[in-house]
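Chain by chain, the residues:
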Amino acid sequence: MSTNVLAFAESRGGELRRAALEAVTAARTIADASGGEVHAVLFGAPGIGKHAAALGAHGADKVLVVEHAGFTHNNPEAVAATIASRMGSGCRACVCTASATGKDVAPRVAAKLKVPIAADVIAFEVKGAAIQSTHPGYTGKVLQTTTLSATPAVVSIRPGSFLPKENAKAGTVEALAPAGDPAASRVRITETATGNAARLDLGEAPVIVSGGRGLKEPGNFKLVEELAAAFGNAAVGATRAVTDDGWRPHADQIGQTGRLVSPDLYVAVGISGAIQHLAGMRTSKTIVAINKDKEAPIFKVADYGIVGDALAILPVLTEAVKKAKAAG
Ligand SMILES: Cc1cc2nc3c(=O)[nH]c(=O)nc-3n(C[C@H](O)[C@H](O)[C@H](O)COP(=O)(O)OP(=O)(O)OC[C@H]3O[C@@H](n4cnc5c(N)ncnc54)[C@H](O)[C@@H]3O)c2cc1C
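Rules behind the numbers
Every chain begins its residue count from 1, and numbering advances along the sequence as written. Local features are withheld for residues below a pLDDT of 70 in this predicted model, meaning they are given only at 70 or higher, and side-chain atom pairs are given and counted only at 80 or more; totals for whole chains, interfaces and linings count all residues. Near, as applied to residues and a molecule or strand, means the residue's backbone-placed C-beta atom lies within 6 Å of it. Each helix is a run of H or I in the DSSP string that is no shorter than four residues. Each strand is a run of E no shorter than two, and both are numbered from the N terminus. The nonpolar class holds Ala, Val, Leu, Ile, Met, Phe, Trp, Tyr, Cys and Pro. Asp, Glu, Lys and Arg form the charged class, and all remaining residues, Gly among them, are polar. Only strands that DSSP links by at least two bridges are regarded as paired with each other. Think of each axis as a best-fit line through the C-alpha atoms, taken over the contacting stretch in the case of a helix, with angles from 0 to 180 degrees between the N-to-C directions. By the criterion used throughout, residues are in contact when their C-beta atoms, derived from the backbone, lie within 7 Å. Each domain's extent was defined by an automatic or database domain assignment. Joined through C-beta atoms within 7 Å, a set of buried Ala, Val, Leu, Ile, Met, Phe, Trp, Tyr and Cys residues constitutes a nonpolar core. Burial in this document is a count-based property: other C-beta atoms within 10 Å of a residue's C-beta are tallied, and the residue is buried at 20 or more, exposed at 12 or fewer, or partly exposed in between, with C-beta positions derived from the backbone. As used here, the arc belongs to the directions running from the helix axis to the C-beta atoms. Working definition: roughly parallel below 35 degrees, roughly antiparallel above 145 degrees, roughly perpendicular at 65 to 115 degrees, and oblique for all remaining angles. Take the far helix as your reference; a near helix turned counterclockwise from it by less than a right angle gives a left-handed crossing, and one turned clockwise gives a right-handed crossing.

Turning our attention to the site of the ligand. Around the ligand lies a shell of 27 residues, among which Gly-212, Gly-214, Arg-240, Gly-255 and Ser-272 are the nearest. Listed by contribution, the elements that provide at least two residues to the shell around the ligand are α6 (240–244), α7 (275–281), β16 (286–291) and α9 (310–326). Looking at the shell around the ligand residue by residue, the class counts come to 8 nonpolar, 14 polar and 5 charged.

Right, let's talk about the sheet that holds strand β5 (residues 62–67) for a bit. An order of β7-β11-β6-β1-β4-β5-β12 is seen for the 7 strands of this open sheet, with the pairing classed as parallel. Of all the strands in the sheet, the pair left with one neighbour each is β7 (117–121) and β12 (172–175). The average undirected angle you get between the axes of adjacent strands in this sheet is 20°. With 5 bridges connecting them, strand β6 (residues 93–97) and strand β11 (residues 153–157) associate as parallel partners. Bridging across to β11, Thr-97 finds its partner in Ile-157. Contacts from helix α3 (residues 76–88) reach β1 (5–9), β4 (38–44), β5 and β6, with the element oriented near 165° to β1. Lying on the sheet, helix α4 (residues 100–113) is in contact with β1, β6, β7 and β11; it crosses β11 at an angle near 165°.

Examined at the domain level, the chain breaks down into domain 1 (5–184) and domain 2 (207–326). Centre-to-centre separation of domain 1 and domain 2, based on C-alpha positions: 31 Å. Every contact between the two is made by 11 residues of domain 1 and, on the other side, 11 residues of domain 2.

Time to look at the nonpolar core. Counting 96 residues, the largest nonpolar core has Ala-7, Ala-23, Leu-42 and Val-95 as the members making the most contacts within it. No other element matches the 9 residues that helix α1 (residues 18–34) contributes to this core. Composition of this core by domain shows at least three residues from each of domain 1 (5–184) and domain 2 (207–326).

Along α4, the residues classified as buried are Gly-102, Val-105, Ala-106, Val-109, Ala-110 and Leu-113. End-on, the buried residues of α4 take up no more than an arc of 125°, which puts them together on one face. Looking one or two places after α4, you find Lys-114, whose phi comes out positive at around 55°.

Turning our attention to the sheet that holds strand β9 (residues 130–137). In spatial order, the strands read β8-β9-β10; together these 3 strands make up an open sheet with antiparallel pairing. Each having just a single partner strand, β8 (123–127) and β10 (142–148) make up the two edges of the open sheet. For this sheet, the mean angle separating the axes of adjacent strands, direction not counted, is 20°. By the bridge criterion, 7 bridges tie β9 to β10 in an arrangement that is antiparallel. The residue bridging Ser-133 from the neighbouring strand is Thr-146, located in β10.

Counting buried positions over the 5 residues of β7 gives 4, a clear majority of the element. The pairing of β7 with β11 spans 3 bridges and is parallel. Across the sheet, the residue bridging to Ile-117 is Val-154, located in β11.

What follows deals with the packing of helix α5 (residues 221–231) against α9. Contact geometry of α5 with α9 gives a least axis separation of 9 Å together with a crossing angle of 15°. Considered as vectors, α5 and α9 are oriented roughly parallel to each other. Relative to α9, the crossing made by α5 is left-handed. In contact with Leu-223, Val-224, Glu-226, Leu-227, Ala-230 and Phe-231 of α5, α9 contributes Leu-311, Leu-314, Pro-315, Leu-317, Thr-318, Val-321, Lys-322 and Lys-325. For the contact of α5 with α9, the per-class residue count stands at 10 nonpolar, 1 polar and 3 charged.

Our focus in this paragraph is unusual backbone geometry. Omega for the peptide link from Thr-151 to Pro-152 comes to -5°, which places this bond in the cis form. Secondary-structure assignment places Pro-152 in the loop between β10 and β11. Its identity is not glycine, yet Lys-114 carries a phi of approximately 55°, on the positive side. With 7 C-beta atoms packed within 10 Å, Lys-114 lands in the exposed category. You will see that Asp-120, though not glycine, has its phi angle at about 60°, which is positive. Within the secondary structure, Asp-120 is located in strand β7. Owing to 24 C-beta atoms within 10 Å, Asp-120 belongs among the buried residues under this scheme.

With that settled, the discussion passes to the pairing of β8. Remark: a regular strand shows side chains that alternate across the two faces of the sheet. Bridge analysis of β8 against β9 gives 5 bridges, and the strand direction is antiparallel. Following the sheet pairing, Glu-125 is matched in β9 by Gln-132. In this structure, the hairpin formed by β8 and β9 is closed by a connection of 2 residues, where Gly-128 is found at a positive phi of approximately 65°.

Next up, the structure:
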């Protein structure tokens, strides 16, 4: 059995995504436990190979660069075919991120090779030849443990669950030819709608301040924006109740039918804590909830709770964060 582990290194618009470093970091754990190497697979238009050094700095022994104009946009069919072909020539596992891009790739790889997959994993342990993974089930009500005893296997990790760790390895660059012609893929991206580039992506932000219907009206979201700005490294999220009402863009929605996030800090403001919302954020490392109803279900998952009117509390909290930041 080969002990090497592949990591799918996501990029977008020619830039490496944090997901790539998370995948390499998680792959390193498996490779170290098995005595193997991490081979990061990086797809993109010609020139994408310039990011190989960053992957090497985070634990990739080798970076397989697949440069082709057909990878200018996400090309899940061709990416999955190339990864599956590489896995077929010997590998212990493949790690992807359970981001929108990764979710389009990981199951295709598993299906092509008819190998097991553990999806949306938040932690794992390597036990001999098996990978024992933990992932939320039943919209986050339970944590399931899955043992992947077959090799190779595919693991998709929840964004934010494996913090990128610097761990300098050789990062040797090798060109890899795509399996088949990427331009002939049945999936063609005709348009990519990008969000506000000046804002941190929800999947990459260490802090998320999220608002719900308790904010009363869309204009009050500026209080949430101000708290996020005070943190400096925060993104703004929302519940479905407010995205459905058009207060916030759908891209901001967190939950079962929105984004899955695991930031270091999640501040839930005026959010009841419906199971569908919890499904997207309950694996956050620290949860702070602000709600005027002390019985609100969000307090069951919160590490810290503030009972009161969010409209009065937010400005005070923002000032406190600003002061703490200024004091260093
Ligand atoms: C199939 C399906 C999928 C879904 N997917 C998602 C999903 O992905 N994400 C998601 O979020 N939801 C999802 N939902 C909707 C979910 O069930 C809830 O309706 C939604 O999360 C509620 O949003 P909310 O907490 O903003 O609003 P509410 O449930 O109305 O809660 C508002 C909260 O604000 C508090 N509040 C009111 N005034 C104040 C104040 N002045 N200060 C402080 N607190 C105050 C209230 O006490 C209350 O707890 C889904 C539902 C279904 C059926």
